[in-house]
Amino acid sequence: MDSSSTYPVVETFHSLQGEGYWVGVSAFFIRLAGCDVHCPFCDTKHSWNAQRHPLVTIDRLLEQARQARPQIVVITGGEPLMHNLQPLTALFHAHSLRLHLETAGAHPLTGEFDWITLSPKPFLPPLASIYEQAHELKVVIQSPKDLQWAENEAQKVRPTTHLFLQPEWSQPDSRQLVIDYILTHPRWRLSLQTHKYLGIN
Ligand code: SF4
C-alpha cells in the first residue's frame, strides 16, 4: 500500500454529520478539491479548482482522522470521484475506519466505501453504474421541477436505498415545498442541513 499518495485537500474538520441518514453522528470530514458539476447553488465554489489547494498525503489524512476518533470518516468535496480513491480507502480500511462517500456520481466509482450518499445533480447527471451502489439518495430541491427530477432518480436506485429530499438553503420557500411533498409521498424523508442551523462546520 502506497501511503505517499496525495490528494488536493480543501479542508479537514471534525464535526457532526449535518445531513441525511447519519445526521448527528461524530464525523471526520475530508473535503477534496475539484468539481466539474458546477451547481449554481454550490456553497463550496472555492473547492472547484483543484490546483488552488495543497496536495496532502494519505498518511497525513489518516493521522488526522485517527486523532479525531470519529464514528465515521466522510469523503466529500468538491466531487471526490474526480480522483482515484482506491489508495485512500485501502489505507483507511486497513486501520478499521468506517468510510462514507458523498458524490454527485458523474465520475466512475473508485475505492471501497461502507456508505455511499448519491446526490445527483441535473447539471452533470450521474453515470448509470453508480445508482445500484447508493445507500442513500439525497436530492436538493430548489423548485417544483426538482421534485420530478427526484422521482426520476429514485426509479434508478435499489428498493432499499433511503430517499431524502433536502431543501436548498438559499431558497426558504423550498422548505415548505419539500414538507408538503413528503406528506403526500411518504417514501421520502426530509434532510435538513442541520450544521447550518446550528452554525457549526
Ligand atoms: S456537486 Fe457539490 S461541490 Fe460540485 S458544484 Fe455541485 S454542490 Fe458544489
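Values in this document were obtained by computation on a predicted structure and should not be read as measured data. (Residues numbered from 1 in each chain as written. Predicted model: local features only at pLDDT ≥ 70, side-chain atom pairs only at ≥ 80, totals over all residues. Heavy atoms only, no water.)

(A) Structural view of the pattern of salt bridges. Counted under the stated rule, the structure contains eight salt bridges. Taking the shortest distance from any N to any O, the salt bridge between Asp 43 and Lys 196 comes out at 2.6 Å. With a gap of 153 residues between them, Asp 43 in the loop between strand S2 (26-32) and strand S3 (55-57) and Lys 196 in helix H5 (residues 194-198) connect regions that are remote in the sequence. Given a relative accessible area of 47%, Asp 43 falls into the partly exposed group. Note on Lys 196: relative accessible area 25%, which makes it partly exposed. The partner of Arg 60 in a salt bridge is Glu 63, with the nearest N and O atoms 3.1 Å apart. With a gap of three residues between them, Arg 60 and Glu 63 both fall in helix H1 (residues 58-68), about one helical turn apart. (Salt bridge = Lys/Arg side-chain N within 4 Å of Asp/Glu carboxyl O. Helix = DSSP H or I, 4+ residues; strand = E, 2+ residues; numbered from the N terminus. Buried < 20%, exposed > 50% of the residue type's maximum accessible area, 1.4 Å probe, protein only.)

(B) Representation of the nonpolar core. Among the nonpolar cores identified, the biggest contains 41 residues, and Val 73, Ile 75, Phe 92, Leu 165 and Trp 188 are the most heavily contacted of them. No other element matches the five residues that H1 contributes to this core. If you look at the next biggest cluster of nonpolar residues, it comprises eight residues, including Phe 13, Ala 27, Ile 72 and Trp 115. (Core = buried A, V, L, I, M, F, W, Y, C linked by side-chain atoms within 4.5 Å.)

(C) Main features of the packing of aromatic side chains. Under the defined criterion, the tally for this structure stands at six aromatic pairs. Residues Phe 13 and Phe 29 carry aromatic rings whose centres are separated by 4.8 Å and whose planes lie at 15° to one another, so their mutual orientation is stacked. Of this pair, Phe 13 sits in strand S1 (residues 6-16) while Phe 29 sits in strand S2, placing them 16 residues apart in sequence. Under the relative-accessibility criterion, Phe 29 is labelled buried at 8%. (Phe/Tyr/Trp six-rings, centres within 6.5 Å; stacked < 30°, edge-to-face > 60°.)

(D) Structural view of the site of the ligand. For the ligand, the full set of nearby residues is Cys 35, Val 37, His 38, Cys 39, Cys 42, Thr 44, Trp 48 and Gly 78. Judged by the fraction of its atoms near the pocket grid, the ligand is located in the largest pocket. For the shell around the ligand, the per-class residue count stands at five nonpolar, three polar and no charged. (Near = heavy atom within 4 Å. 1 Å grid on protein atoms, 1.4 Å probe; cavity = no way out; pocket = protein on both sides within 12 Å on 5 of 7 lines; lining within 4 Å. Sits in = over half its atoms within 2 Å of the grid points. Nonpolar A, V, L, I, M, F, W, Y, C, P; charged D, E, K, R; others polar.)

(E) Molecular detail of unusual backbone geometry. Following Gly 77, the chain continues to Gly 78 via a peptide bond in cis, the omega torsion being 15°. Looking at where Gly 78 falls in the secondary structure, it is placed in the loop between strand S4 (72-76) and helix H2 (86-94). A positive phi angle, close to 50°, is found at Arg 69, a residue other than glycine. Assignment of secondary structure puts Arg 69 in the loop between H1 and S4. Positive phi outside glycine occurs at Ser 96, with the angle close to 60°. When you line up the elements, Ser 96 lands in the loop between H2 and strand S5 (99-103).

(F) Just the environment of His 135, in detail. Within the secondary structure, His 135 is located in the loop between strand S6 (115-118) and strand S7 (136-141). The spacing of His 135 and Tyr 21 is 114 residues in sequence and 9.3 Å in space, taken between C-alpha atoms. Non-local contacts of His 135, meaning those with residues more than four positions away in its chain, are made with Asp 114, Trp 115, Ile 116, Arg 158, Thr 161 and His 162. Within the structure, His 135 has its side chain in polar contact with the backbone nitrogen of Ile 116 (distance 2.9 Å). (Contact = heavy atoms within 4.5 Å. Polar contact = N/O pair within 3.5 Å; in protein donor to acceptor, adjacent residues only side chain to side chain.)

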